[in-house]
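Reading the structure
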Amino acid sequence: MLSKNVNETSLYSTKSKYAGRNLLSGLLFGIGLVAFIDEVVFHQLLHWHHFYDRSTTEIGLISDGLFHAFSWFATIGGLFLFADLRRRNGLWLKRWIGSILLGAGLFQLYDGTVQHKIMKIHQIRYVDNVIVYDIVWNSVAGLLIVIGAILVFQTRRKANPLKGMNLDD
Amino acid sequence: MINHGHHESGLQSMDWLIAVVVLILIITYIGAGLISNKKKHLGTWPFYRYILWLIGFLLVGVSLVGPIAELAHRHFTAHMLSHLLLGMLAPLLLALAAPTTLLLRMLPVQHARILSKLLKTPFFSLVRHPIIASVLNIGGLWVLYTTNLYMLMHENIFVHLIVHFHIFAAGYLFTISMIYIDPTPHRFSYLYRAVVFVFALAGHGILSKFIYANPPVGVPKEQAEAGGILMYYGGDAIDIVIIFILCLHWYRSTSPKSSLHVSQN
């Protein structure tokens, strides 16, 4: 009886101890995931837009390049962080999934507003009523952000019984 | 278009030289491995490293001599393929073959000490700095494709040789500045290398899109577009391996097992 109780407490504190790492891992993987889906589905399969549609917006080009590089690294790094959490029994699945949705939604919203509308590096699709696509694109982004944020909020670090102790490794 | 008739014969004798150098390097490595295996206190040099070294230098050979190299003089997409092999894939495979470790294994102790001192000199520390190596690597490519250098390279055999040596050497430096396979003095943290890597990868991606939209002097539009796409996705494909190895090293280094005894409470 007692040992089960102790076990549960220690499991909870391990999760709590790695709350930040769960968040980071999910955010990184979420950004990488949505960037990958964008590239494969919209660039390569549907050909709705390509990786460079204008030859004038230098800043758009640079930001696109930086984001692509970051997301490429983030996907792999995020999964290694995930593996690290599992190894440490620190995985908090609900928080991790919430962070993925949050990261994916934030990236999609950035892409749909800043990259598409302000920098105009490319549009989602080259049709007359692109506004319909924009609304769908950014609404999906908003929905991901809301669901992700709720899950992350629900799993925020509660009063930690071990607070104040040095828990680094 | 590009005139390259006058140095055709010069290129051919150069081809032989390159082929011989590549062959010597492959044989030397295998020989060094076999010799070092005879030392009783050392284990056997892993077989896969011979393979990595062999494939690495075969790729160097293929990108400089033979049909792909021949086509690369005339066709930009082929040039980009040979650039990917020479500047990215071959350096990665050669870095994974750990040539410095092998050299240190093989040399007598006093010579090995001289070598390891040499590797700690300011010059090597400087060129192995992640930022310097990235600038040499990606910056060099920007210079090559956005100035007249690309055109000049096809007209002058020495420029051709220097540019190709630079692409290879800078690619190798970049690889060993990001992942530490061989003994590496003055190491940088994983986060530091990751951040620099993201910027270098971005520089590579931006350049490939720039080439897509602005063909280098003397390159037809369709070839520049195909070359740009090849550079973009080819770069991603090779960089994913480097990122994976960098993350794997982090994952191993932060293993809780190794530090459990320190602060188990």
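If you're wondering where the values come from, they're calculated on a predicted model, not measured in any experiment.

A separate point is the overall build of chain A. Assigned secondary structure in chain A consists of 5 helices and 0 strands. For chain A, the succession of helices and strands along the chain, N to C, is α-α-α-α-α. The burial tally for chain A puts 45% of its 169 residues in the buried class. Relative to all contacts within chain A whose residues are 6 or more apart in sequence, the contacts with residues 24 or more apart total 84%.

The full count for this structure, using the stated rule, is 20 aromatic pairs over all chains. Between A:Phe29 and A:Trp96 the ring centres are 5.9 Å apart and the planes differ by 15°, which places this aromatic pair in the stacked class. Here the residue A:Phe29 occupies a position in helix 2 (residues 19-45), and A:Trp96 occupies one in helix 4 (residues 93-118), the gap between them amounting to 67 residues. Assessed through its relative accessible area of 14%, A:Phe29 is described here as buried. Seen from their ring centres, B:Tyr145 and B:Tyr150 are 5.9 Å apart, and the 45° between their planes marks the pair as tilted. The structure contains a cluster of three or more aromatic residues connected by ring pairs, namely B:Tyr29, B:Phe47, B:Tyr50, B:Trp53, B:Phe57 and B:Phe168. In this arrangement the basic side chain of A:Arg156 is found over the ring face of A:Phe153, its NZ or CZ atom lying 4.2 Å from the centre.

Residue and element names in this part refer to chain B. For the pair helix 8 (residues 130-146) and helix 11 (residues 190-213), interaxial distance at closest approach is 10 Å and the crossing angle is 5°. On the basis of the axis angle, helix 8 is roughly parallel to helix 11. Contact residues: Pro130, Ile131, Ser134, Ile138, Leu141, Trp142, Tyr145 and Thr146 in helix 8; Tyr192, Arg193, Val196, Ala200, Gly203, His204, Ile206, Leu207, Phe210 and Ile211 in helix 11. Of the residues belonging to the contact of helix 8 with helix 11, the class tally is 13 nonpolar, 4 polar and 1 charged.

This next bit is on the interface of chain B and chain A. Residue-level contacts link 28 residues of chain B with 28 residues of chain A. Carbon and sulfur atoms make up 73% of the surface buried where chain B meets chain A, a total of about 2,700 Å² over both sides. Sorting the residues of chain B by area buried against chain A places B:Ile206, B:Lys209 and B:Tyr251 first, and these three jointly supply 22% of that buried surface. Put simply, chain B and chain A have 0 salt bridges between them. For the pair chain B and chain A, the number of links is 5 residue pairs in polar contact (both at pLDDT 80 or more).

Once that is clear, we can look at a nonpolar patch on the surface. Residues A:Ile131, A:Val132, A:Ile135, A:Val136 and A:Val140 make up a contiguous nonpolar surface patch of about 440 Å² in total accessible area. The topology assignment puts A:Ile135 in helix 5 (residues 130-154).

Now for the nonpolar core. Residues A:Phe73, B:Phe57, B:Tyr145, B:Phe197, B:Ile211 and B:Ile243 are the most contacted members of the largest nonpolar core, which totals 71 residues. The dominant element in this core, judged by the number of residues it contributes, is helix 4 (residues 76-96) of chain B, at 12 residues. Residues within four places of B:Phe57 in sequence aside, it is in contact with B:Val22, B:Leu25, B:Ile26, B:Leu94 and B:Phe168. If you look at the next biggest cluster of nonpolar residues, it comprises 6 residues, including A:Ile31, A:Val34, A:Phe107 and A:Leu144.

Moving on, we get to the pattern of salt bridges. All names here are of chain A. Enumeration according to the criterion identifies 4 salt bridges over all chains in this entry. Across the pair Asp84 and Arg21 runs a salt bridge, and its minimum N-O distance is 2.3 Å. Taken as a pair, Asp84 in helix 3 (residues 58-87) and Arg21 in helix 2 lie far apart in primary sequence, 63 residues in all. Judged by relative accessible area, which is 26%, Arg21 ranks as partly exposed.

Looking at chain A as a whole, its pLDDT mean stands at 79, while 77% of the residues score no less than 70. Within chain A, helix 5 of chain A carries the highest mean pLDDT (90), whereas helix 1 (residues 2-17) of chain A carries the lowest (62).

This part is about the environment of A:Ile62. Residue and element names in this part refer to chain A. Inspection of the secondary structure assignment puts Ile62 in helix 3. Residue Ile62 is classed as partly exposed on the basis of its relative accessible area, which comes to 39%. With 71 residues separating them in the primary sequence, Ile62 and Tyr133 have C-alpha atoms 24 Å apart.

Calculation notes
- Residues numbered from 1 in each chain as written.
- Chains lettered and ligands numbered in written order.
- Predicted model: local features only at pLDDT ≥ 70, side-chain atom pairs only at ≥ 80, totals over all residues.
- Heavy atoms only, no water.
- Helix = DSSP H or I, 4+ residues; strand = E, 2+ residues; numbered from the N terminus.
- Buried < 20%, exposed > 50% of the residue type's maximum accessible area, 1.4 Å probe, protein only.
- Contact = heavy atoms within 4.5 Å.
- Phe/Tyr/Trp six-rings, centres within 6.5 Å; stacked < 30°, edge-to-face > 60°.
- Lys NZ or Arg CZ within 6 Å of the ring centre and 35° of its normal.
- Axes fitted to C-alpha atoms, helices over the stretch in contact; angles between N-to-C directions.
- Parallel < 35°, antiparallel > 145°, perpendicular 65-115°, else oblique.
- Nonpolar A, V, L, I, M, F, W, Y, C, P; charged D, E, K, R; others polar.
- Buried area = accessible area lost by both parts, 1.4 Å probe.
- Salt bridge = Lys/Arg side-chain N within 4 Å of Asp/Glu carboxyl O.
- Polar contact = N/O pair within 3.5 Å; in protein donor to acceptor, adjacent residues only side chain to side chain.
- Patch = residues over 30% accessible without salt bridge, like charges linked within 9 Å, V, L, I, M, F, W, Y side chains within 5 Å.
- Areas by Shrake-Rupley, 256 points an atom, 1.4 Å probe, with all protein chains shown as cover.
- Core = buried A, V, L, I, M, F, W, Y, C linked by side-chain atoms within 4.5 Å.
- pLDDT = per-residue confidence, 0-100.

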